[in-house]
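Breakdown of the fold
Chain residues, written in single-letter form:
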Amino acid sequence: MEKIGIVAAGPCGGLQAASSDSISKSHIMNENNLCQIENFACVLCRRTDDYPEKYGEKKIYQDHNLTIHYYCLLMSSGIWQRGEEKDGVYGFLIEDIKKEVNRASKLKCCICKKNGASIGCVASKCKRSYHFPCGVQKQCIFQFTGNFESFCWDHRPVQNTPSSHCTVSSQCTICLEYVEHLPTYSILGSPCCKNAWFHRDCLQVQALSAGKFFFKCPLCNNSDKFQSEMLRMGIHIPEKDASWELEENAYQELLQHYQRCDVRRCRCKEGREYNEPDSKWEIKRCQYCGSRGTHLACSSIRTWRQNWECFECRSIIYNSGDFKRPKKRSLPNSENIGITHCLLEQPSPKFSRQSPRTQKKDLLRSPKILHQGSLTPNSCLDKPPCSRRLRLISPLINVATKNSTKREINTLKRDVSNILRELGFQIKQKTRKLYINKDSIWNSAIKGFRRRNFNPSDTIEVQFCNGNGDADGSKLEFLSLLMEHLESSSLFEGSLSKNISLNSEALKENLYYEAGRMIAISLVHGGPPPFLFSKTLFHCLISGPENVEPTLEDVEDSNTMQIITKIKSSKNLTHLRSAIRDYFEYLSHIGCLRLVTMLSDKDVLVKDILTYHVIKRVQAPLDSFQQGLRTLGVLETMQKYPEAFYSILCHKPERLTTKILSDLFTIHKLSEAQDTRAVGFWMNYLQSVESGESVVTLEDILAFATGCRSIPPVGFQPTPSIEFLHADYPVGTKCCNRLTLPITCTYKEFQENMDFAIRNALGLEREKTYYNGC
């Protein structure tokens, strides 16, 4: 009987015979099995790999004893598509494929030195032939368009990129990993956006997923120019619909109707989600977004035919300048309904609770109308909202009196609290719990934010995990601690106002992106801002680095400051040239070396040094930081309302006073006698702290009760409250912003207990005793 060897895959996918002397008869294959295994290898490249993203779909035709990779067939030089799409293999006839296999069997691959090289370089006088997988491995380029030409590694097309675009690195817009601005085989630049660079593998995966109809530049959405360049550089863009469009029931949730009443005060006793058709408790959805609703009775809508718009959509319509006066609606007792009770002005339940007076101010402030005098009885604000006309196309409003005299023209400004509340509408009801170690707040936050299932738009819940066990935490306290850590981080430089620093290790670990994302998350989720941006850094984010001129105040490095000072203090051309010679190597290294012919050239030289040191030197960290700030649309909103964000990002918060803190807390009253004495102790204590008679500060008291040392731009949710109990020490319950104060016999005892508890809880004397309830 003839010996039969077992077939094994060789280094290039070919089949090689192995010795069978030591193999038992039970493992010996017959000739039919041998043929079956050989059929699973591509007839052109002789590889058994099934890798659709890399080699195309692997087609197996048992009737014709044929297995082939689609890309191997598509790029073969000696075959053409002579049939219809349904004939053979996507229009390539079976007999033509067999002829191509016979032709390729006579050609040797210049890479793996095996026969079957069906692809040749189209460059003139180049005689290289290779298998498709070998060409991919050797970084050949295959153009999946036109005549489906192939180029070897010596003749492949390259991208023509100006040298000015190849100076820094940035993130791949698809995977967010850093890429060098240097066109190579594995790194491609966008033809329409000069700062957009991608990994070839990232582009190929996106092209296969998006298809021809959805594949475009991720930054500017250009498709024609972008696709043409990517096809030239060997990216395969299949003519198909996007993968997400082909998923079954992918948009099934769009068929579900929103069923919830979102007005501030729902009158339905059955709850906000109760819906009874053809009654006053039927839910009417917003005519614009459909994602907010109200019971007919809760918004005094008499019939289903009446339109209703939610508070958010009304704000957008007003701000867009496209507001049109709707038809007059008849509301019951409309003459008795104040502006704060107008049902169309009811805010979303996501707004923090406010007093009626504050609500009135907010409603009048969106958009904010500034006026020299107080409102008169005939003011337009006394009219129903539907009868007012607010034209926001121009940023100015002309206010005319009855006698048509012109008054002062005031600029429309948006209040930052309202802006952040609108951004907060993105937050979903789905919760995401973060486990935070207070002793390592930065690393804990990084770990939590980098989890694969973390979504910035989910509602954040915090649980502190310290050595004494786990405890439910306050989201506001976590965000406040995170922003305090960020202010002292090595990612920024400067004593008071800070600029981006250059930290290569942080850049490598993508920490600048995380810092920007943390600030965005804190602002949208109701936390405090970092209060650290310099004017230069802020304008770089708003207007772009190319439109900003740094100043000497932005320079933190003493050596650089010494160089600038010496050049700037030069009194004549000789001294200036001497200073340039002294710092020749430094100026040459940073690209600021220039020929000076007059003393005024020193100003241009100083400007160049400042621009390099403050902006160009940190371009990569700044780009990464900007990408992080784009989280939840924060950077775009900052660029739209720069004045509003300048007040919270570039200035320290207003110093707390006794009046601010006393107005902030709502006091739950006790009996008349106890209430008067306890509240008196509390007010006296605040005044003592403000005057410096205590070791604690008003900011310490606020942090003890809420976890935050300043009032966040959107306020506290829920509103801070005070209750009095017969206890020895005060307790701060940060998760609900509640301060429990002790009832004592004397003020001295009250003050000592307050100082002791707050000092220990906040670690003012490095003690570990905590009295807060969370």
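Reading the values: rules and limits
- Residues numbered from 1 in each chain as written.
- Predicted model: local features only at pLDDT ≥ 70, side-chain atom pairs only at ≥ 80, totals over all residues.
- Heavy atoms only, no water.
- Buried < 20%, exposed > 50% of the residue type's maximum accessible area, 1.4 Å probe, protein only.
- Helix = DSSP H or I, 4+ residues; strand = E, 2+ residues; numbered from the N terminus.
- Arc of directions from axis to C-beta.
- Contact = heavy atoms within 4.5 Å.
- Core = buried A, V, L, I, M, F, W, Y, C linked by side-chain atoms within 4.5 Å.
- pLDDT = per-residue confidence, 0-100.
- Pairing = 2+ DSSP bridges.
- Disulfide = S-S within 2.5 Å.

The next thing to look at is helix 4 (residues 94-104). Where helix 4 is concerned, the buried positions are Ile94, Asp96, Ile97, Glu100 and Ala104. Along the long axis of helix 4, the arc covered by the buried residues comes to 160°, so they all point the same way. Residues of helix 4 that are buried in the fold lie against strand 4 (66-69) and helix 3 (70-75).

Right, let's get into the nonpolar core. Membership of the largest hydrophobic core comes to 78 residues, with the highest contact counts inside it found for Phe478, Phe533 and Phe625. The element contributing the most residues to this core is helix 15 (residues 511-524), with nine residues. Those residues in contact with Phe533 that lie beyond four places of it in its chain are Ser497, Lys498, Ile519, Phe538, Leu541, Phe625, Leu649 and Cys650.

Parts of the model with low pLDDT should not have their predicted coordinates read in detail. Of the residues in the protein, 77% reach a pLDDT of 70 or more, and the chain-wide mean stands at 78. Within the model, the stretch residues 323-413 combines pLDDT values under 50 with 126 contacts to residues more than four positions away or in other chains. In this model residues 764-774 is a low-confidence stretch, pLDDT under 50, and it forms 30 contacts with partners more than four residues away in sequence or in other chains.

A separate point is the pairing of strand 25 (residues 738-742). Of all five residues in strand 25, four are buried; the element is thus mostly enclosed. The pairing of strand 23 (residues 721-725) with strand 25 spans five bridges and is classified as parallel. What sits directly across from Phe724, in strand 25, is Leu741. Linkage of strand 24 (residues 731-733) to strand 25, two consecutive antiparallel strands, is achieved through a turn of four residues, within which Asn737 is found at a positive phi near 55°.

The next subject is the state of the cysteines. Per the counting criterion, the structure on display carries zero disulfides. The closest cysteine sulfur to the non-disulfide-bonded Cys313 is located on Cys310, 3.4 Å from its own sulfur.

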